Amino acid sequence: MTKHILLIDDNDQIRDRLTQMLTKEGYNVCAAINGLDGYNKLQGQYYDLCIIDHLMPLMDGVQLLKNIESMRDNVPKSIMFLTTEPLKSVTQMPPVHIVDVVMSKPLNMNEFTQNVSQLFEQVAEVA
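Residues numbered from 1 in each chain as written. Predicted model: local features only at pLDDT ≥ 70, side-chain atom pairs only at ≥ 80, totals over all residues. Heavy atoms only, no water.

1. Some details on the side chain of Asn34
Then, in step 1: Positionally, Asn34 belongs in the loop between strand 2 (28-32) and helix 2 (35-44).
Then, in step 2: Side-chain polar atoms of Asn34 contact the backbone nitrogen of Asp37, separated by 2.8 Å.
Then, in step 3: Apart from residues lying up to four places away in sequence, Asn34 is in contact with Ile8, Met56, Pro57 and Leu58. (Helix = DSSP H or I, 4+ residues; strand = E, 2+ residues; numbered from the N terminus. Polar contact = N/O pair within 3.5 Å; in protein donor to acceptor, adjacent residues only side chain to side chain. Contact = heavy atoms within 4.5 Å.)

2. Points about helix 1 (residues 12-24)
Then, in step 1: For helix 1, built from 13 residues, the straight-helix expectation of 18 Å at 1.5 Å per residue is met to within 8% by its first-to-last C-alpha distance of 18 Å.
Then, in step 2: Looking only at helix 1, the buried set comprises Arg15, Leu18, Thr19, Met21 and Leu22.
Then, in step 3: For helix 1, the N-terminal cap is Asn11; the gap from its side-chain oxygen to the backbone nitrogen of Gln13 is 2.9 Å.
Then, in step 4: Just downstream of helix 1 lies Gly26, where phi reads positive at about 100°. (Expected span 1.5 Å × (residues − 1). Buried < 20%, exposed > 50% of the residue type's maximum accessible area, 1.4 Å probe, protein only.)

3. Overview of the sheet that holds strand 2
Then, in step 1: If you trace the 5 strands from one edge of the open sheet to the other, you get 2-1-3-4-5, paired in parallel fashion. Each edge of the sheet is formed by a strand with only one pairing partner; in this case those strands are strand 2 and strand 5 (101-104). With direction set aside, neighbouring strand axes in the sheet form an average angle of 20°.
Then, in step 2: In this structure, strand 3 (residues 49-53) lies alongside strand 4 (residues 78-83), joined through 5 bridges in parallel fashion. Note on strand 4: the bridge partner recorded for Ile51 is Met80.
Then, in step 3: The sheet contacts of helix 2 involve strand 1 (4-8), strand 2 and strand 3, and relative to strand 2 the element is tilted by about 135°.
Then, in step 4: Strands in contact with helix 3 (residues 61-69) are strand 1, strand 3 and strand 4; relative to strand 3, the strand with the most contacts, it is inclined by about 150°. (Pairing = 2+ DSSP bridges. Axes fitted to C-alpha atoms, helices over the stretch in contact; angles between N-to-C directions.)

4. Details of the pattern of salt bridges
Then, in step 1: One pass over the full model with this rule turns up 4 salt bridges.
Then, in step 2: A salt bridge links Arg15 to Asp12, with the nearest nitrogen and oxygen atoms 2.6 Å apart. Taken as a pair, Arg15 and Asp12 lie in helix 1 at a separation of 3 residues, close to a single helical turn.
Then, in step 3: Three or more residues are tied together by salt bridges with common partners; here these are Asp9, Asp53 and Lys105. (Salt bridge = Lys/Arg side-chain N within 4 Å of Asp/Glu carboxyl O.)

Here it is in structure tokens:
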């Protein structure tokens, strides 16, 4: 069964690189250019995993997490949060408690793909 990922990042190069890599791994990837775009996409479709950048225009990642937290429908099973800020300060932000994995940018690509795989394995174990 195909896994659906919503990738939300305002950096074109990062978004394109991650989309290519995840698609090669067999995932169905939908990309959003900022938090508002991502939120609108979440309203219309269910995603197994949502990968959210922290600092973006129009709606940042923290505000998007708050919006996801209040959603009734199409809530993703797993959430990964990407940031350039110190991890300690990010993990202490209130809405981050709904996040499964927080990763620092620049990304270690091996660690990134491992985390994506592990999130899908954990969801499969629970189901």
